[in-house]
Amino acid sequence: MSKDTAFNRVLQARSKDKISIKALIDGITDDFIELHGDRAYGDDPAVYAGIGSMNDKPVTIVGIRKGDDDQTDAEVHFGSAEPDGYRKALRLMKQAEKFKRPIITLINTPGAYPDVEAEYHGQGYMISQLIMQGMQLKVPYIAVIVGEGGSGGALALAVGDCVWAFEESIYSILSPEGYATILWKDSSRAREAAEVMKLTPEDLIKQGIIDRIIPEIRNNDELKRFKADLFGKIEELSAMPTAEMLNQRFARYRNF
Amino acid sequence: MKKNKRQKLSSQELHKRMDKVPDVWVKCPFCGKTIYKKQLGKYLECPDCHYAFRIGAKQRIELLCDNFEPFNLELKANPKYQDPKYLAKLEKARETTGLNEGVLTGIGTINGHRTAIGVMDWRFIMGSLGTATGELLARLFERATQEKLPVIVFTASGGARMQEGIESLMQMAKVSEAVSEHSKAGLVYISYLCDPTTGGVTASFAMQGDLLLSEPHALIGFAGRRVIERTIQQIPPKDFQRAETLLHNGFLDAIVKRNEMKTTLSHILAIHEGGDKNE
Ligand SMILES: [Zn+2]
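This one's a predicted model, so the numbers in the text were calculated from it and none came from an experiment.

J.: Residue-level account of the overall build of chain B, with values.
T.: Broken down by element type, chain B carries 10 helices and 9 strands. For 279 residues, the compact-globule formula gives about 19 Å, and the C-alpha radius of gyration of chain B, at 20 Å, lands near that figure. Viewed in the frame of its principal axes, chain B has a C-alpha envelope of about 65 × 45 × 40 Å. By residue count, 55% of the 279 residues in chain B fall in the buried class. Looking at chain B alone, contacts between residues at least 24 apart form 66% of all its contacts between residues at least 6 apart. Surface accessibility of chain B: about 12,800 Å² in total, with carbon and sulfur atoms responsible for 52%.

In C-alpha cells:
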C-alpha cells in the first residue's frame, strides 16, 4: 500500500476497468427498473437511477455514471451531471421518502458538468437543494464513492447517514489538475497536487470524511459481499428511530 | 467641461493617469464608464448602470444597520493548517479586512427589525469558504433559530477554500444543515447574492434562501468562465452569469439597487414579522 502514490489512486479511480455503475446496480438488486426524467426539463443520462429490491426489500438507487465507450462517454459528459440530472435525483429521492424506501447513491463523477446551458438551468441551485433536502430525507441514505468523487457535483449525492468509498477511489474538492492550475498556475503538477490533497480513502477515513473503505469489486463474490454490507447497514439504520437516525446524520456534518 | 485639456488625452493615457490617483477616479467594472469617485455616492453605485461596487463586510453593515453586535469575532482558521503560503494569505486578508475570517456575523437592527446578519468579505482570500467561515455561518443560523430571528446573508465568494481541501467542501453540508434547522423553525432566510458569488457557495447556502436577492450586474454562477472554456472549449456569452440573466432564467426573486437595499429588506422583514407565529 505504501508504495502506492496518491496519483496512482487517481488513475485507478478513473480507470475504464472499474466496475460500471450499471453492473453494480444489477449486482445488488434483483429487479432494477430505471426511471427517467426530472419532470421539468429533461432526462440526463449521466444520472442513472431507479427502483428495485434488495433481498426483497425495496430500495431507490441513484448513480452518476461514466460511459462504457466513447459514444456513451459523450452522452454522459464523462460522468458529469447536468441540473436536470440532479433534479431527477432529487425527485426520486423524495419519492423514496414517500414510500419509505432506503436510498443508495453510487458516485463516479469528476464533477458537475461545467457548461453554459447547465449554468442557465441552475447547476448551483440544484446542487444546493440536493445538499439541503437530501440531508433531511427521513429514510436511510447510504452514499458510496465508487470511482471519482469530484467536488460539489459528488457532495450533492453524498450527504447521507454514511459515506463509503471504494478502495480505488478519490474524493476531493476538485481534480488534482484543477488544484495545480488554481494554486500553482501549473496543471502539469497534478501528481504533486494529488499528494497534498489527501484524496485517497485512507486519508479520508482518518478525517472522518468517509466511514468505510470497500475492497475493489472485481468478481461476483466481491459484489455479493458488497451487497451484504449494504444490506446490513440498511437494516441497522432501519432499526433506528427516525429522529435518532437524523440527529446522528446532522451531527456527522455539523462536526466538520 | 471645465478642464478641456483632459479631454484631449487618449483613453489609454487617461487610464494610466487614473491608476496613479486611484482615490479620485474609478472605472465601472460593468459598463466601463470612468467615474469621478465622489459621484458613486455613499452606496458606491455606478451612476450610469447602477452596478454596485464591491464593498467590505464592515462597510456593508454601516450602510444597512442602525446598530450591529458582532459575535464570534475571535474565531479563526484551525492552526493545523501550516502551509506558509496559506498562512501569509490569511495574515494579509486579516490586515485588509480587519476580520479574523471571511464572514462577519452578528445581530443587527434594520429600521427597527432585529435580524441575524452575515456578510462575506470578498477581500478575504476571495471570500472563500474555509472551515472557520463555515463555522461562523452555522453558528449564525443556530443563534437565529434559538432567538427566532430572520437571517440575511450577503454572499461574495469565489467558492470553497482550496487551501483547506475537502474539509472546505464539507462546509457546504455543515452550513446547509444549519440553514434547514432554521427553515424548519418557520423562520425566514434572505440570501443576498453580491458580486461575485460562485462555486461551492452558490451550490449551497447562497441558493438556499426563502428569498434570493441580488445587486445589479452581480456575477453569480457555479462553474467559472475559465473552467468552462478550458473543459469544454465553449466561449460563454458575455453576461451569462450576471444577475439579470439569472433573474430572467428564474433563479432570483429580485435585483435591488444598493440605495434601496435597506428599505427593501426592512419591507420584507416587516412582512415576515412574527415568523412562525403567523397563522
Ligand atoms: Zn456602470
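J.: Give me the layout of surface pockets: which residues, what numbers.
T.: Space inside the second largest pocket adds up to approximately 620 Å³. In terms of lining, the second largest pocket is formed by 20 residues, of which the most central are Tyr179(A), Val196(A), Asp83(B), Met162(B) and Gln163(B). When contributions to the lining of the second largest pocket are tallied by element, the ones reaching two or more residues are helix H8 (176–184) and helix H9 (190–197) of chain A together with helix H4 (84–97) and helix H6 (165–184) of chain B.

J.: Pulling in residues and values, what's your account of a positive patch on the surface?
T.: Side chains of Lys185(A), Lys85(B), Lys89(B), Lys92(B), Arg226(B) and Arg230(B) sit close together on the surface and give a patch of like positive charge. At the level of elements, H4 and helix H8 (225–232) of chain B are the ones that each hand at least two residues to the positive patch. In terms of residue count, H4(B) provides more of the positive patch than any other element does, 3 residues in total. Relative to the helices and strands, Arg226(B) is located in helix H8.

J.: Give a detailed account of the interface of chain B and chain A, specifying residues and quantitative values.
T.: Between chain B and chain A, the contact holds 46 residues from the first and 38 residues from the second. The junction of chain B with chain A conceals about 3,500 Å² of combined surface from both sides, 70% of it contributed by carbon and sulfur atoms. The largest share of the area that chain B buries against chain A comes from Met162(B), Ile166(B) and Phe222(B), three residues that together contribute 19% of it. Viewed at the interface, chain A and chain B are joined by 2 salt bridges.

J.: Give a description of the sheet that holds strand E9 (residues 254–255) of chain B that names residues and reports values.
T.: The strands making up a sheet are joined through hydrogen bonds of the backbone, oriented either antiparallel or parallel. All names here are of chain B. Across the sheet, which stays open at both edges, the 7 strands sit in the order E3-E4-E5-E6-E7-E8-E9 with mixed pairing between neighbours. Lying at the two open borders of the sheet, with one neighbouring strand each, are strand E3 (67–70) and E9. Here helix H5 (residues 131–147) sits on the sheet and contacts strand E4 (103–110), strand E5 (113–120), strand E6 (151–157) and strand E7 (189–197); the angle it forms with E4, its principal contact strand, is near 30 degrees.

J.: Which residues make up empty space enclosed by the protein, and what are the values?
T.: Per the stated rule, a full pass over the model turns up 4 cavities of 30 Å³ or more. Looking at the largest cavity, its volume works out to about 120 Å³. What lines the largest cavity is a set of 16 residues, and nearest its centre among them are Glu119(A), Gly122(A), Ile220(B), Gly221(B) and Leu246(B). Those elements giving two or more residues to the lining of the largest cavity turn out to be helix H5 (116–120) and helix H6 (123–135) of chain A together with helix H9 (243–248) of chain B. Counting residues per element, the lining of the largest cavity draws most heavily on H6(A), at 3 residues. When its residues are assigned to classes, the lining of the largest cavity shows 8 nonpolar, 7 polar and 1 charged. Roughly 80 Å³ of volume is contained in the second largest cavity. Among the secondary structure elements, those contributing two or more residues to the lining of the second largest cavity are E5, E6 and E7 of chain B.

J.: Give a detailed account of the UniProt feature "binding site: Zn(2+)" (unreviewed entry) in chain B, specifying residues and quantitative values.
T.: All names here are of chain B. Taken from the UniProt record, the annotation "binding site: Zn(2+)" (unreviewed entry) applies to Cys 28, Cys 31, Cys 46 and Cys 49. Taken together, the annotated residues stretch across 22 residues yet fold into one region, lying no more than 8.7 Å apart by C-alpha. On the basis of relative accessibility, which here comes to 1%, the residue Cys 28 falls in the buried class. For Cys 46, the location among the structural elements is in the loop between strand E2 (34–36) and helix H3 (57–64). Dropping the residues within four chain positions of it, Cys 46 is found in contact with Cys 28, Cys 31, Ile 35, Leu 40, Tyr 51 and Phe 53.

J.: Quick rundown of the coordination of the zinc ion? Include the residues and the values.
T.: Residue and element names in this part refer to chain B. At the metal site, the zinc ion is ligated by Cys 28 (SG), Cys 31 (SG), Cys 46 (SG) and Cys 49 (SG), and these contacts range over 2.2 to 2.3 Å. Classification of the site at the zinc ion as tetrahedral follows from its 4 donor atoms and the range of 105 to 118 degrees in their angles at the metal. Within one chain, the residues donating to the zinc ion are spaced in sequence as C-x2-C-x14-C-x2-C. Since its relative accessible area comes to 1%, Cys 46 is described here as buried. With a relative accessible area of 16%, Cys 49 lands in the buried category.

J.: Explain the pattern of salt bridges to me, using residue names and the numbers behind them.
T.: Residues and elements named next belong to chain A. For the structure on display, the rule yields 36 salt bridges over all chains. The salt bridge involving Arg 252 is made with Asp 211; its shortest N-O contact spans 2.9 Å. With Arg 252 in helix H12 (residues 242–254) and Asp 211 in the loop between helix H10 (201–206) and strand E8 (212–214), the pair connects residues that are 41 residues apart, well separated along the chain. Relative accessible area serves as the criterion here: at 13%, Arg 252 is assigned to the buried category.

J.: Can you break down the packing of H12(A) against H6(B) residue by residue, with the values?
T.: Two elements in contact, H12(A) and H6(B), have axes separated by 7 Å at closest approach and are oriented at 135 degrees. Considering the angle they form, H12(A) stands oblique to H6(B). Between H12(A) and H6(B), the contacting residues are Phe250(A), Tyr253(A) and Arg254(A) on the first element and Ala173(B), Lys174(B), Glu177(B), Glu181(B) and Lys184(B) on the second.

J.: Residue-level account of the environment of Glu82(A), with values.
T.: All names here are of chain A. Residue position: Glu 82 is located in the loop between helix H3 (70–75) and helix H4 (83–98). Measuring from C-alpha to C-alpha, the distance between Glu 82 and Val 144 comes to 20 Å, with 62 residues separating the pair along the chain. Those residues in contact with Glu 82 that lie beyond four places of it in its chain are Asp 44, His 77, Tyr 113 and Gln 123.

Rules used throughout
Here the residue index of a chain counts from 1 through its sequence in written order. Chain letters and ligand numbers both follow the written order, the letters beginning at A and the numbers at 1. It should be noted that, the model being predicted, local features are given only for residues of pLDDT at least 70 and side-chain atom pairs only at 80 or more, the latter also being counted only at that level, while totals for whole chains, interfaces and linings use all residues. As a convention, hydrogens and water are excluded, and side-chain values are obtained from all of the structure's heavy atoms. A run of DSSP states H or I qualifies as a helix once it reaches four residues; a run of E qualifies as a strand once it reaches two. Both are numbered from the N-terminal end. This radius of gyration counts C-alpha atoms alone. The globule rule is 2.2 Å times how many residues there are, raised to the power 0.38. Buried means the residue's accessible area, taken with a 1.4 Å probe over protein chains only, is under 20% of the maximum for its type, while exposed means over 50%, and partly exposed covers the values in between. Every residue pair with non-hydrogen atoms within 4.5 Å of one another is taken to be in contact. Each accessible area value is a Shrake-Rupley result obtained with a 1.4 Å probe; residue values ignore everything except the protein chains displayed when judging cover. Whether a set of points on the 1 Å grid over the protein atoms alone is a cavity depends on a 1.4 Å probe fitting there but being unable to get out, while an open set qualifies as a pocket with protein on both sides within 12 Å along at least five of seven lines; lining residues are those with an atom within 4 Å of a point. Grid points are joined across faces, edges and corners, and a volume is the space filled by probe spheres set on the points. Without a salt bridge and with relative accessible area above 30%, a residue can belong to a patch; like charges are then joined within 9 Å and nonpolar side chains (Val, Leu, Ile, Met, Phe, Trp, Tyr) within 5 Å. Salt bridges are identified by distance alone: a Lys or Arg side-chain nitrogen within 4 Å of an Asp or Glu carboxyl oxygen. In summary, the charge assignment counts Lys and Arg as positive and Asp and Glu as negative, without counting His or the chain termini. Where a charge lies is defined by one atom per residue type: Lys uses NZ, Arg uses CZ, Asp uses CG and Glu uses CD. Once two parts are put together, the accessible area they lose, assessed with a 1.4 Å probe and summed over both, is termed the buried area. For two strands to count as paired, DSSP must find a minimum of two bridges between them. To obtain each axis, a line is fitted to C-alpha atoms, and for helices this fit is confined to the stretch in contact; angles are then taken between N-to-C directions over 0 to 180 degrees. In the scheme used here, Gly and all other residues not listed as nonpolar or charged are polar, with Ala, Val, Leu, Ile, Met, Phe, Trp, Tyr, Cys and Pro taken as nonpolar and Asp, Glu, Lys and Arg as charged. UniProt positions are given in the numbering used here, feature names are shortened, and annotations may be inferred rather than shown by experiment. Metal coordination here is assigned from N, O and S atoms located within 2.8 Å of the ion, or within 3.2 Å for Na, K and Ca; omission of water means that sites may look incomplete. Every geometry call rests on angle ranges, with four donors termed tetrahedral when all angles are between 85 and 135 degrees, four termed square planar and six termed octahedral when opposite donors are over 155 degrees apart and all others are between 65 and 115, and everything else termed irregular. Any angle that falls under 35 degrees is termed roughly parallel, while one over 145 is termed roughly antiparallel, one within 65 to 115 roughly perpendicular, and all others oblique.

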